[in-house]
Amino acid sequence: MDLTARTAEQIGEALRRTRKARGWTQSDISARTNLRVATISSLENGDAGTKLATVLAIMAALGLEFRLVERGGSLEIEDIF
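No experiment lies behind these values; they were computed from the predicted model shown.

Participant: I'm lost on the side chain of arginine 16 in this one. Help?
Facilitator: Its place among the elements puts arginine 16 in helix α1 (residues 8-21). Beyond its immediate sequence surroundings of up to four residues, arginine 16 is in contact with Glu44 and Asn45.

Participant: What am I meant to see in unusual backbone geometry here?
Facilitator: For residues that are not glycine, phi is negative in most cases, and the peptide bond is trans in most cases. The phi angle at asparagine 34 is positive, at roughly 65°, despite the residue not being glycine. Tracing the backbone shows asparagine 34 in the loop between α2 (26-33) and α3 (37-44).

Participant: Help me understand the packing of α2 against helix α4 (residues 52-61) in this model?
Facilitator: If you want to describe how two helices pack, look at the angle between their axes and the distance between the axes. Running from N to C, α2 and α4 cross one another at 105°; their axes reach a closest spacing of 9 Å. The angle between the axes of α2 and α4 places the two elements in the roughly perpendicular class. Contact with α2, carried on its side by Ile29, Arg32 and Thr33, involves Ala57, Ile58 and Ala61 of α4 and no other residues of that element.

Participant: What am I meant to see in the nonpolar core here?
Facilitator: Of all hydrophobic cores here, the largest spans 11 residues; its members are Leu15, Trp24, Ile29, Leu35, Ile40, Leu43, Val55, Ile58, Met59, Ala61 and Leu62. Secondary-structure elements contributing two or more residues to this core are α3 and α4. For this core, the leading source of residues is α4, giving four residues. The contact partners of isoleucine 58, leaving out residues within four places of it in the chain, are Leu15, Ile29, Thr33, Leu35, Ile40 and Leu43.

About the cut-offs
- Residues numbered from 1 in each chain as written.
- Predicted model: local features only at pLDDT ≥ 70, side-chain atom pairs only at ≥ 80, totals over all residues.
- Heavy atoms only, no water.
- Helix = DSSP H or I, 4+ residues; strand = E, 2+ residues; numbered from the N terminus.
- Contact = heavy atoms within 4.5 Å.
- Axes fitted to C-alpha atoms, helices over the stretch in contact; angles between N-to-C directions.
- Parallel < 35°, antiparallel > 145°, perpendicular 65-115°, else oblique.
- Core = buried A, V, L, I, M, F, W, Y, C linked by side-chain atoms within 4.5 Å.
- Buried < 20%, exposed > 50% of the residue type's maximum accessible area, 1.4 Å probe, protein only.

Structure (structure tokens):
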């Protein structure tokens, strides 16, 4: 599965979709990561203040990894924020 995410909201949505595709609840992720359900919920809702280590822990629990690639299209950084 390849998902593209350029914003905190898109990362959260991608993690939510992956979790649901596996049939897991936020409690299942919590049990695998020792993170609070509230933390997982916050990330899935696009909280840009979530620590990178938290994102990586959830991604690991879901069997996901980061891949950095050149951005497609003509979108400028100012268009994101």
